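Chain residues, written in single-letter form:
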Amino acid sequence: TGRVDCEGHMEPTPDGHRLVLQFTGTHVPLEEELRDALADPRQRRMWDDLHPLGAINLRCQVSYLSTKPGLHLWARVHPVPGAVSVQPKWFPYRLDNVGGEIFFQDGHVDLQGLSAEHGGARVVDASGVCEFWDDGGWRVELSKLAIDRLGLDRELTIALPERLRNPLRELDPQ
């Protein structure tokens, strides 16, 4: 069971009243309830596409200014060590022991120091950004990716797109 604490305040400013809420979460389960709390349907779609399991720690701030529409949101998310897995729909290759930091700010996502494992293979360092498109799609652009001990096993071969899978089978790497 996870825990989320919240504190906040409201203060008058020259531009209107400002409400600030700060949340701290520990061992927050990556369950449908959390997915459904995401305001942006593009983020819910990303959740569905990545199929995360496990628990996270997070810090989050939401602020609202009474004279301006919308909320300002930032969040820092860290997977609980050894507790998070993802299995992307488009690349069905389960990654376990996901680590690193994910920083959200007003719809922008930065990925820093990501790591994960699959069998003996290990993503030792990955960084990048995630962008969301108006049509509901999203994409991750990695500016850095380092992988150690990646073997061309059956699971990886099946997960690869067909245009890569068939040539690799013909090469028959050992």
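In case you missed it, the structure is sitting above this.
These numbers come from a predicted model, not from an experiment.

Asker: Any chance you could explain the nonpolar core here in plain terms?
Answerer: Nonpolar side chains in soluble globular proteins tend to end up buried together. Residues Leu 30, Ile 56, Leu 58, Cys 60 and Val 98 are the most contacted members of the largest nonpolar core, which totals 13 residues. Looking at this core, the elements with two or more residues in it are strand S3 (55-65) and strand S4 (72-79). Ranked by the residues each element gives to this core, the list is headed by S3, at four residues. Residues Met 46, Leu 111, Ala 126 and Trp 138 belong to the second largest nonpolar core, which totals nine residues.

Asker: Hey, could you run me through the side chain of Arg 165 in this one?
Answerer: Note on placement: Arg 165 falls in helix H4 (residues 162-171). Here Arg 165 is buried and forms no salt bridge, its nearest opposite-charge partner Glu 162 lying at an N-O distance of 4.5 Å. In this structure the side chain of Arg 165 is engaged in a polar contact, spanning 3.1 Å, whose partner is the backbone oxygen of Thr 157. With residues near it in sequence (within four places) discarded, Arg 165 still touches Thr 157, Ile 158 and Leu 160.

Asker: What should I look at first to understand the sheet that holds strand S1 (residues 3-13) in this one?
Answerer: Paired through their backbone hydrogen bonds, the strands of a sheet run either parallel or antiparallel. Here eight strands make up an open sheet; going across it, the order is S1-S2-S3-S4-S5-S6-S7-S8 and the pairing antiparallel. On the outer flanks of this sheet lie S1 and strand S8 (138-148), each paired with one strand and no other. Between one strand axis and the next, the sheet turns by 10° as a mean value, whatever way the strands run. As paired strands, S4 and strand S5 (residues 96-105) are joined by four bridges and run antiparallel to one another. Counterpart to Ala 75 in the pairing with S5 is Phe 104. Contacts from helix H2 (residues 41-50) reach strand S7 (121-132) and S8 within the one sheet, and its direction differs from that of S8 by about 40°.

Reading the values: rules and limits
- Residues numbered from 1 in each chain as written.
- Predicted model: local features only at pLDDT ≥ 70, side-chain atom pairs only at ≥ 80, totals over all residues.
- Heavy atoms only, no water.
- Core = buried A, V, L, I, M, F, W, Y, C linked by side-chain atoms within 4.5 Å.
- Buried < 20%, exposed > 50% of the residue type's maximum accessible area, 1.4 Å probe, protein only.
- Helix = DSSP H or I, 4+ residues; strand = E, 2+ residues; numbered from the N terminus.
- Lys, Arg positive; Asp, Glu negative; His and termini not counted.
- Salt bridge = Lys/Arg side-chain N within 4 Å of Asp/Glu carboxyl O.
- Polar contact = N/O pair within 3.5 Å; in protein donor to acceptor, adjacent residues only side chain to side chain.
- Contact = heavy atoms within 4.5 Å.
- Pairing = 2+ DSSP bridges.
- Axes fitted to C-alpha atoms, helices over the stretch in contact; angles between N-to-C directions.

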